[in-house]
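Chains, contacts and geometry: an overview
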Amino acid sequence: MQRIKIKELLKGEKLGKQVKVMGWVRTFRSNRFVALNDGSTSNNMQAVVDFENFEEALLKRITTGASVSITGELVESQGKGQAFEIMVSSLEILGDSDPDEYPLQPKKHSLEFLRDIAHLRVRTNTFGAIYRIRHQMIYAVHTFFHNKGFVNVHTPIITGSDAEGAGEMFRVTSLNLENPPKTEDGKVDESKDFFGHETNLTVSGQLEGETAAMALGEIYTFGPTFRAENSNTSRHLAEFWMIEPEMAFCDLQGNMDLAEEFVKYLVSYALENCKEDLALLDKRAADEDKSKPQIERNEMGLIERLEFVATNDFERVTYTQAIEILRNSKPNKKKKFKYIIEEWGADLQSEHERFLVEKHFKKPVTLYNYPATIKAFYMRANEDNKTVAAMDVLFPGIGEIIGGSQREERLDVLKEKLAVMNIEEKDLWWYLDTRKFGTAPHSGFGLGFERMVQFITGMGNIRDVIPFPRTPGNAEF
Ligand code: ATP
Ligand code: MG
């Protein structure tokens, strides 16, 4: 007999038929009720074992974590909590799980404890739901761009360009670190390295993505990015996934419009396609909230927050307006911010972003036209010569979720900018070629995939929305 997945079985179409399921035992109650999970859904299938008809030795092996194959008739359940159950006619243990050693007990474990057993935490309801939602979001990202005619481009993971300027990079080398080849003046001889010069793990696919947009029109990347930044926060990973669309013939306005449409699409997609898993996480978040002091509690539940974001326009505010709001805000005047906003030009910290989103506007905010001095070299200079056409989308509970800009397409202006920022033209010769040959106005942005999944699942720590998080001091598994 063919195995059938629990998600399918729960539709009830096989009522009265013999079925076969395989999965992992979550609990075994009263020597009679097996709660079986096979990962297809967070819902367990109840299997009822008539213990008089089974060997005592076999029943003893039905333990939490064991994998089993069960055959029996699908019937309407007598008990509460499930519509259907299986009357077991045969049960085979596929893999034992010693209850004295198995770290996952049928009780609530802390997220910190589960991070130490990341290889097993996927077997819990919470992480099963997160993994499934993460998958749905990956699919939604590709669907959104595919439907709009964007071309997915794989940009390199090992990069020879060191001018991306988005953060500290991880060096890639095959040199013998104990005894590297040296040049005459005693420095490490990079020309002897695998690629003949210094290489790093990419921090962003944008620059290479731009070259593709200058031919294909509209492209997006969706790949791993790496930042050796020592920021031990609940929103930073050393290895994370980023989605970077890049559009020719598109200005900052069009860029902000696409960013908003995109994140709303992802949120709506989750609401539509992840109902069960979201309901589970919504309840989890509500329980967690109850244990927090009143001021730290969320005003809205998880699903409520998602619905709010999907249906309300984001607030669009210039950096200059935001500085005014922050300067006159209570926490600034009462010196409650760690970084007090004194003058125009200050870089915004997470506390300021969250004040704007959570306290002032009470909705997602798109901030734009930032001071040139705090932004990257490739962002397009505005007429005022002080600001650049940059934009960040800020989310409640998360802070920055998207960073983007209209790109500087004017060769002379770009070269001036490189000079000011001490970046050598020769290091970016290929990038400058896009401005030399058929340059065009273009724009793009980067969405941190894990921050989006964090928002959708309501998880407070980014380490809990990627299967195996990499953070300073931790690359286990
Ligand atoms: P932050 O100020 O939060 O460090 P950033 O300005 O360095 O962000 P960008 O370089 O604009 O971020 O990257 C684009 C997006 O990638 C960000 O909006 C964010 O969603 C995500 N991101 C950036 N750094 C990280 C990280 N270390 N871990 C996870 N996601 C990140
Ligand atoms: Mg950063």
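See the structure printed just above.
Residues numbered from 1 in each chain as written. Chains lettered and ligands numbered in written order. Predicted model: local features only at pLDDT ≥ 70, side-chain atom pairs only at ≥ 80, totals over all residues. Heavy atoms only, no water.

**A short note on the environment of Pro-103**
Looking at where Pro-103 falls in the secondary structure, it is placed in the loop between β5 (84-95) and α3 (111-116). For Pro-103 and Ile-117, which are 14 residues apart along the polypeptide, the C-alpha to C-alpha distance reads 8.3 Å. Those residues in contact with Pro-103 that lie beyond four places of it in its chain are His-109, Phe-113, Ile-117 and Leu-120. (Helix = DSSP H or I, 4+ residues; strand = E, 2+ residues; numbered from the N terminus. Contact = heavy atoms within 4.5 Å.)

**Re the side chain of Ser-443**
Following the sequence through the fold, Ser-443 ends up in strand β16 (residues 442-448). Judged by relative accessible area, which is 0%, Ser-443 ranks as buried. Side-chain polar atoms of Ser-443 contact the backbone oxygen of Cys-250, separated by 2.6 Å. Among the polar contacts made by the side chain of Ser-443, one reaches the main-chain carbonyl oxygen of Asp-251 at a distance of 3.4 Å. Excluding residues that lie within four positions of it along the chain, Ser-443 makes contacts with Pro-245, Glu-246, Met-247, Cys-250, Asp-251, Leu-252, Asn-255, Ser-405, Gln-406 and Arg-407. (Buried < 20%, exposed > 50% of the residue type's maximum accessible area, 1.4 Å probe, protein only. Polar contact = N/O pair within 3.5 Å; in protein donor to acceptor, adjacent residues only side chain to side chain.)

**Quick look at the site of ligand 1**
Around ligand 1 sit 15 residues in total, of which Glu-229, His-236, Glu-400, Ile-401 and Arg-451 are the nearest. In this structure, an oxygen atom belonging to ligand 1 sits 2.9 Å away from a side-chain N or O atom of Arg-227. Bound to the protein, ligand 1 loses 80% of the 580 Å² it would expose on its own. Every element with two or more residues in the shell around ligand 1 is listed here: β11 (239-248), β15 (399-406) and β16. Partitioned by chemical class, the residues of the shell around ligand 1 number 6 nonpolar, 4 polar and 5 charged. (Near = heavy atom within 4 Å. Areas by Shrake-Rupley, 256 points an atom, 1.4 Å probe, with all protein chains shown as cover. Nonpolar A, V, L, I, M, F, W, Y, C, P; charged D, E, K, R; others polar.)

**Here we look at the packing of aromatic side chains**
The full count for this structure, using the stated rule, is 21 aromatic pairs. A centroid spacing of 6.1 Å and a plane angle of 35° characterise the contact between Tyr-265 and Tyr-269, whose relative ring orientation is tilted. With Tyr-265 and Tyr-269 both in helix α7 (residues 252-273) and 4 residues apart, the pair spans about one turn of that helix. What makes Tyr-265 partly exposed here is its relative accessible area of 26%. Relative accessible area serves as the criterion here: at 14%, Tyr-269 is assigned to the buried category. With centroids separated by 6.1 Å and ring planes inclined at 80°, the aromatic side chains of Phe-377 and Tyr-431 adopt a geometry described as edge-to-face. Placement of the pair is Phe-377 in the loop between β13 (365-371) and β14 (387-395) and Tyr-431 in helix α14 (residues 429-436), with a sequence separation of 54 residues. (Phe/Tyr/Trp six-rings, centres within 6.5 Å; stacked < 30°, edge-to-face > 60°.)

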